[in-house]
Amino acid sequence: MDFRVATSDLGKDASSVVVTGEVDLSTAPELKEVLTGVIDGGARFVLVDLSDATFIDSTTLGVLMGAVKRVRPLGGEIAIACDDPNIRKIFEITLLDRVFAIFDTPDEGIAHLRDVARVEHPDVSPAG
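Computed from a prediction, not measured in an experiment: that's the story for all the values here.

1. Things to note about the packing of aromatic side chains
Argument step 1. Tallying each qualifying case throughout the model produces one aromatic pair.
Argument step 2. Ring plane angle 85° and centroid distance 5.8 Å describe the contact between Phe 91 and Phe 100, whose orientation is recorded as edge-to-face. With respect to class, Phe 91 is no different from Phe 100; both count as buried.

2. Re the nonpolar core
Argument step 1. In terms of nonpolar packing, the biggest core is built from 31 residues, with Val 19, Ile 80 and Phe 91 touching the most fellow members.
Argument step 2. Put simply, the parts of the chain that give this core at least two residues each are β2 (14–23), α1 (28–40), β3 (45–56), α2 (58–71), β4 (77–81) and α3 (85–93).
Argument step 3. In this structure, Ile 80 is in contact with Leu 47, Val 48, Leu 50, Leu 64, Phe 91, Phe 100, Ala 101, Ile 102 and Phe 103, ignoring residues within four places of it in sequence.
Argument step 4. In terms of nonpolar packing, the next biggest core, distinct from the first, is built from twelve residues, Phe 45, Ala 79, Ala 81 and Val 116 among them.

About the criteria used
Residues numbered from 1 in each chain as written. Predicted model: local features only at pLDDT ≥ 70, side-chain atom pairs only at ≥ 80, totals over all residues. Heavy atoms only, no water. Phe/Tyr/Trp six-rings, centres within 6.5 Å; stacked < 30°, edge-to-face > 60°. Buried < 20%, exposed > 50% of the residue type's maximum accessible area, 1.4 Å probe, protein only. Core = buried A, V, L, I, M, F, W, Y, C linked by side-chain atoms within 4.5 Å. Helix = DSSP H or I, 4+ residues; strand = E, 2+ residues; numbered from the N terminus. Contact = heavy atoms within 4.5 Å.

Printed below as a string of structure tokens:
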């Protein structure tokens, strides 16, 4: 499966980044570029959807941590959607399951981000 990354605007201050295929040393820079673009574009609440990812490595984790470091000072959050037990285990082993809210489905992650956005930033609409 070829690596692909796509974005969706989820409404004010929120976006989704959907990853397909392997995210490794060679493809992580593209993910970083997309996440940077989304955050620079105003998204403070970002769902990284790894539902169709087949592999991630430490480079990927570094990219995701970089995104967290950019949105947290703005009151934002990065959430992860992933139901693959092997990929989830990477987050658990590295204790990054304590940094990221991880959900089985994109819909659960989006609902979480909307709830957080409403509490932290009441001006964020729940529309989607």
